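If you want the building blocks of each chain, they are given just below.
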Amino acid sequence: MKKITLTKQIIFYIALISIWQLVSMTNIWPNNLFPSPYEVAEDLVYTASDGSLFFGIGTSILRLIIGLTIAIVGGMLLGIFMARVEIVNQTIGSLVLGLQSIPSVAWVPLAILWFGLTDGGIIFVTAIGSMFAVTIATYTGVKNINPHYIEAARNMGAKGTQLAIYVLIPAAFPYLISGFKQGWAFAWRGVIGAELLFSFLGLGFLLNVGRQLNDISQVFAIMLVIMMVGIAIDGVIFKRLENKVMSRWGLR
Amino acid sequence: MTKLEAKNIVKYFKHDSHRLTALGGVNLQIEDGEFVCLVGPSGCGKSTFLRIVAGLETPDEGEILFDGKPVTTTGPERIIVFQEGALFPWLKVQDNVEFGLKMAGIPKEERAQISKRYLDMMQLTKFADSYTYQLSTGMKQRVAIARALVMDPDVLLMDEPFAALDAQTRDLLLVEMQLIWEKTKKTILFVTHNVTEATVLGTKVAVFSNRPSTIKKIINVDYKRPRLVEDQNLFPLQQEILSELRPEVKKS
Ligand SMILES: Nc1ncnc2c1ncn2[C@@H]1O[C@H](COP(=O)(O)OP(=O)(O)OP(=O)(O)O)[C@@H](O)[C@H]1O
Ligand SMILES: [Mg+2]
C-alpha cells in the first residue's frame, strides 16, 4: 500500500519535471523569467557547494527552533490558564482570538522598531506569529480532557503544576500535536517572511538576493528548498509523533 | 468504630428548565472494614453520592464525616475507582499504578517496590510495561483497582467497576474482590445495579429509593466467603432486595 503510493508519487514528480523541462524548451516565456529544471538544479549544486545553502538552511532552522520553542512553551502556559481559569478565558481569551488573526509578517514593523535589524526581531516575529495557534489548540485540548482523568488525578493527590505537567499536558497531547503542527507552519512562514524583509542571513535572505540579482533560477531553487525543508519536518517529526500518539492514546 | 457517616445529604442539580433534587437526605453509617454495596434505580444519585463521599462534589445540605471529621475536599484516604477505570493512556501500566505515589514524592525505587506488590496481587506483573490500549477491559479494571489500592486508602469507593465486563471475567473479579477485601481490611463502598453482585460482595446492601433519593432499606448479608454468583443460598436475599427495588424502578 505504502509502496504503491510512493511509486505513484515518483511517477508524478518525474512527469511534472519533464513537463516543466518541455515548457521551458518551447521558450513561451523568456529564460530569465522561467528557468529550466536543469538550471535550477545547477544553481542548487552551486549554492550547496560553496556552503551558502546549508548555512542558510541552518540559520533559518535555528531561528525557527528558538522561535517555535518560545511559542510552544508560552502558548501552552497561556492555553492551560485559559482552560482552567474562567476569568482568564473571558478576558485574555478574546484577545488571543484577535491576535491569532494577525499574519506573522504584519508583526515585522513592530519587530524592527523594538529589536532593530537583529536575530531577536526575527525570532520575535516567528514566536508571536505561531504562539496563539498553540494557545488555542492547548485550550481546546484541555477543555476536552475526559473529566474523570482530572478527577482521578486530583483524588490521587495531584494539584497545580503537578496536575498540569503529569495530567493536563499529556491528556491534551492529541490536540497539542495539531497545535504544534499549525504553530510550526506559521513559524516557518514567519521566519522566511521576516528574513525576506530584514535579514542578512537565512533562506529568506537568499531568496531576496536572488530577486535583487535578477537570478530567477536561484529564486526557484530557494523556494524548492523552503518547500522541501517543510515536507521533511512535517514528515519526519510530526507524522511520527502523530502516529505514536494516535495509537498510544487509543485513538486508532 | 464508625469510619464514614453520611448525615442528611441533599444534592440539587440545575437543569435548564428546572431544579432536580438528586439526593433527598441520605443517611448512612459505615463501620470500619465494612463492605457496603449501594443499589438503586438508574439516575437515583448513586454516583453522585459516591462523588460526594470522595469530595469531588459538595452536598447542598448535610455532611460526610470521615473518622468523625467533616469531608471538605478529596483526599488519598478516600480513593474512587470509576466505571471505565479512567486509566491514563499516556502511561504504562506500572506508571499508572504508581501515579499517586509519584504525586506524593515517593522515590522511584520505593514506588517500584510498592507497585510490584499490587501488580502481583492483581496478576498484572507481565503487563507492567504495556500501555492501556494493549489491555482487555478486565485487565484495565484490575489496573484501576491496583492503582487505587497502592494509595492504601482507608476507604475504597467503586462506581460500577464491573459493569462493562463479560460474565466470566466479572465472576472471577467478584471472587478476587472478596479476597482483596479480606486481605486488606479496607472499608469499601461499591455501587452496582446488579443485585447478585451486591449480595456476593457486600456485608450489607443499601437500597436507594427513587429521586429525591434516600436510603430505603439496609439488608445485612451474613454468609460465609468466598461467595459465588451461582450460590442458591443468597437467592432469598436477592429476591428481598429486588422486591424493594422494583417499585422504585417503576416510579422512575
Ligand atoms: N453534573 C450534573 N448536572 C446536572 N445533573 C446531574 C449531574 N450529575 C448528575 N445529575 C443528575 O442527577 C441524577 C443522579 O445522577 P447519578 O449519575 O448520580 O445517578 P446514578 O444513580 O449513578 O445512575 P446510574 O445508575 O444510571 O449510573 C440524574 O438524574 C442526573 O441527571
Ligand atoms: Mg452512576
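From a predicted model like this one, the values you see are computed outputs, not experimental measurements. (Residues numbered from 1 in each chain as written. Chains lettered and ligands numbered in written order. Predicted model: local features only at pLDDT ≥ 70, side-chain atom pairs only at ≥ 80, totals over all residues. Heavy atoms only, no water.)

Description of the packing of helix α2 (residues 93–103) of chain B against helix α4 (residues 137–149) of chain B
Residue and element names in this part refer to chain B. Short version of the rule: Every axis in this analysis is a line fitted to C-alpha atoms, fitted for helices over the stretch in contact. Angles between the N-to-C directions lie between 0 and 180 degrees. Helix and strand definitions here come from DSSP, where helices need a minimum of 4 consecutive H or I residues and strands a minimum of 2 consecutive E residues; each element is numbered from the N-terminal end. Note on terminology: angles under 35 degrees are roughly parallel, angles over 145 are roughly antiparallel, angles of 65 to 115 are roughly perpendicular, and the others are oblique. In this scheme, a crossing is called left-handed if the near helix is turned counterclockwise away from the far one by less than a right angle; it is called right-handed if the turn is clockwise. Note on contacts: a residue pair qualifies if any of its non-hydrogen atoms lie within 4.5 Å across the two residues. Throughout this entry, Asp, Glu, Lys and Arg are counted as charged residues, while Ala, Val, Leu, Ile, Met, Phe, Trp, Tyr, Cys and Pro are counted as nonpolar. The remaining residues, Gly among them, count as polar.
Contact pair α2 / α4: the axes reach a minimum separation of 7 Å and the direction vectors enclose 30°. Classified by the angle their axes make, α2 and α4 are roughly parallel. Where α2 crosses over α4, the handedness of that crossing is right-handed. In contact with Val93, Asn96 and Val97 of α2, α4 contributes Val143, Ala146 and Arg147. Here the residues of the contact of α2 with α4 sort into four nonpolar, one polar and one charged.

A few points about the site of ligand 1
Residues and elements named next belong to chain B. For clarity, the cut-off: Any residue with a heavy atom lying within 4 Å of a molecule or strand is counted as near it. A 3.5 Å cut-off defines polar contacts: any pair of N or O atoms within that distance qualifies, except that in protein one atom must be a possible hydrogen donor and the other a possible acceptor, and neighbouring residues in sequence count only when both atoms are side-chain atoms. Here, Shrake-Rupley sampling with a 1.4 Å probe gives the accessible areas, and only protein chains in the shown set may cover a residue.
The environment of ligand 1 is made up of 13 residues, and the closest members are Ser42, Gly43, Lys46, Ser47 and Thr48. One of the side-chain nitrogen or oxygen atoms of His15 is found 2.8 Å away from a nitrogen atom of ligand 1. Contacts to ligand 1 include Arg211, whose side-chain N or O atom sits 3.0 Å from an oxygen atom. About the coverage of ligand 1: the protein hides 64% of its 630 Å² of free accessible area. Elements that contribute at least two residues to the shell around ligand 1 include exactly β2 (19–31) and α1 (46–54). With three residues, the single largest contributor to the shell around ligand 1 is α1. Residues of the shell around ligand 1, tallied by class, amount to four nonpolar, six polar and three charged.

A few points about the nonpolar core
The condition that has to hold: Residues belong to one nonpolar core when they are buried, are Ala, Val, Leu, Ile, Met, Phe, Trp, Tyr or Cys, and are joined through side-chain atoms within 4.5 Å. Accessibility here uses a 1.4 Å probe with only protein chains present; expressed as a share of the type maximum, an area under 20% marks a residue as buried, one over 50% as exposed, and anything in between as partly exposed.
Leu203(A), Leu38(B), Phe49(B), Ile64(B), Phe99(B), Met177(B) and Leu189(B) are the most contacted members of the largest nonpolar core, which totals 128 residues. The dominant element in this core, judged by the number of residues it contributes, is helix α11 (residues 216–248) of chain A, at nine residues. Ignoring sequence-local partners within four residues, the contact set of Leu189(B) consists of Leu4(B), Ile30(B), Val36(B), Leu38(B), Phe49(B), Leu50(B), Val53(B), Leu156(B), Leu157(B) and Met158(B). By size, the runner-up hydrophobic cluster in this structure holds 15 residues, among which are Ala71(A), Val88(A), Val125(A) and Ile128(A).

What about the packing of aromatic side chains?
Residues and elements named next belong to chain A. Selection rule: Each aromatic pair joins two rings of Phe, Tyr and Trp (for Trp, the six-membered one) with centres within 6.5 Å, and gets the label stacked for planes under 30 degrees apart, edge-to-face for over 60, and tilted for any other angle.
With the rule as written, the count across this model stands at 17 aromatic pairs over all chains. Plain terms: the ring middles of Trp20 and Phe220 are 5.8 Å apart, the flat faces sit at 35° to each other, and that makes the pair tilted. Note that Trp20 is positioned in helix α1 (residues 2–26) and Phe220 in helix α11, a separation of 200 residues in sequence. One aromatic cluster is present, built from ring pairs that chain together Trp20, Trp29, Phe34 and Phe220.

Some thoughts on the domain arrangement of chain B
Residues and elements named next belong to chain B. Inclusion rule: Those domain boundaries reflect an automatic or database domain assignment. Reported buried area values correspond to the accessible surface (1.4 Å probe) lost by two parts on association, with both partners' losses combined.
On domain assignment, one finds that chain B holds domain 1 (2–77 + 153–251) and domain 2 (89–151). A C-alpha centroid distance of 25 Å is found between domain 1 and domain 2. At the junction of the two partners, domain 1 supplies 17 residues and domain 2 supplies 11 residues. For the pair domain 1 and domain 2, the summed buried surface comes to about 1,100 Å²; carbon and sulfur atoms form 75% of the total.

Quick look at the pattern of salt bridges
Residues and elements named next belong to chain B. Heads up, the condition is: Within this document, salt bridges are pairs made up of a side-chain nitrogen of Lys or Arg and a carboxyl oxygen of Asp or Glu, the two lying within 4 Å of each other.
One pass over the full model with this rule turns up 19 salt bridges over all chains. For Lys216, the salt bridge identified is with Glu248, shortest N-O distance 3.2 Å. On the criterion of sequence distance, the pair formed by Lys216 in strand β10 (residues 215–220) and Glu248 in helix α7 (residues 235–251) is long-range, its members being 32 residues apart. A residue is classified by how much of its surface remains accessible, and Lys216, at 33% relative accessible area, is partly exposed. Put simply, Lys216, Lys217, Glu240, Glu244 and Glu248 are held in one network by salt bridges that share partners.

Quick notes on the sheet that holds strand β5 (residues 69–70) of chain B
Sheet strands pair via backbone hydrogen bonds, and the direction of the pair is either parallel or antiparallel. Residue and element names in this part refer to chain B. Here is the rule we go by: We call two strands paired when DSSP finds no fewer than two bridges between them.
Judged by pairing direction, the sheet is antiparallel, and its four strands sit side by side in the order β2-β1-β4-β5 without closing on themselves. Of all the strands in the sheet, the pair left with one neighbour each is β2 and β5. As paired strands, strand β4 (residues 61–66) and β5 are joined by two bridges and run antiparallel to one another. Residue Phe66 lies in a different strand from β5, and its bridge partner there is Lys69. Along the sheet, α1 makes contact with β1 (2–14), β2 and β4, crossing β1 at roughly 120°.

Points about the pairing of strand β6 (residues 78–81) of chain B
Residue and element names in this part refer to chain B. Taking every second residue as pointing to the same face, both faces of β6 are buried, with Arg78 and Ile80 on one and Ile79 and Val81 on the other. Direction of pairing for β6 relative to strand β7 (residues 155–159): parallel, over a ladder of four bridges. Bridged to Ile80 within β7 is Leu157.

Details of the side chain of Gln218(A)
Residues and elements named next belong to chain A. Checked against the element boundaries, Gln218 lands in helix α11. Judged by its relative accessible area of 8%, Gln218 falls in the buried class. Excluding its chain neighbours within four sequence positions, the residues that come into contact with Gln218 are Asp43, Thr47, Leu206, Val209 and Gly210.

A short note on the interface of chain B and chain A
The interface is formed by 25 residues belonging to chain B together with 19 residues belonging to chain A. Scanning the region where chain B abuts chain A turns up one salt bridge. With its nearest N and O atoms 2.6 Å apart, the salt bridge here joins Glu151(A) to Arg51(B). The tally of links between chain B and chain A comes to seven residue pairs in polar contact (both at pLDDT 80 or more). Sorting the residues of the side of chain B that touches chain A by element identifies α1, β6 and α2 of chain B as the ones contributing at least two each. Counting residues per element, the side of chain B that touches chain A draws most heavily on α2(B), at four residues. Residue composition of the side of chain B that touches chain A, grouped by class: 16 nonpolar, four polar and five charged.

Topic: the side chain of Thr199(B)
Residue and element names in this part refer to chain B. By the element assignment, Thr199 lies in helix α6 (residues 195–201). Take Thr199: its relative accessible area is 0%, and that puts it in the buried class. At 2.9 Å, the side chain of Thr199 and the backbone oxygen of Thr196 are in polar contact. Once you skip the residues sitting within four places of it in the chain, Thr199 turns out to touch Val205, Val221, Arg227, Leu234, Leu237, Gln238 and Ile241.

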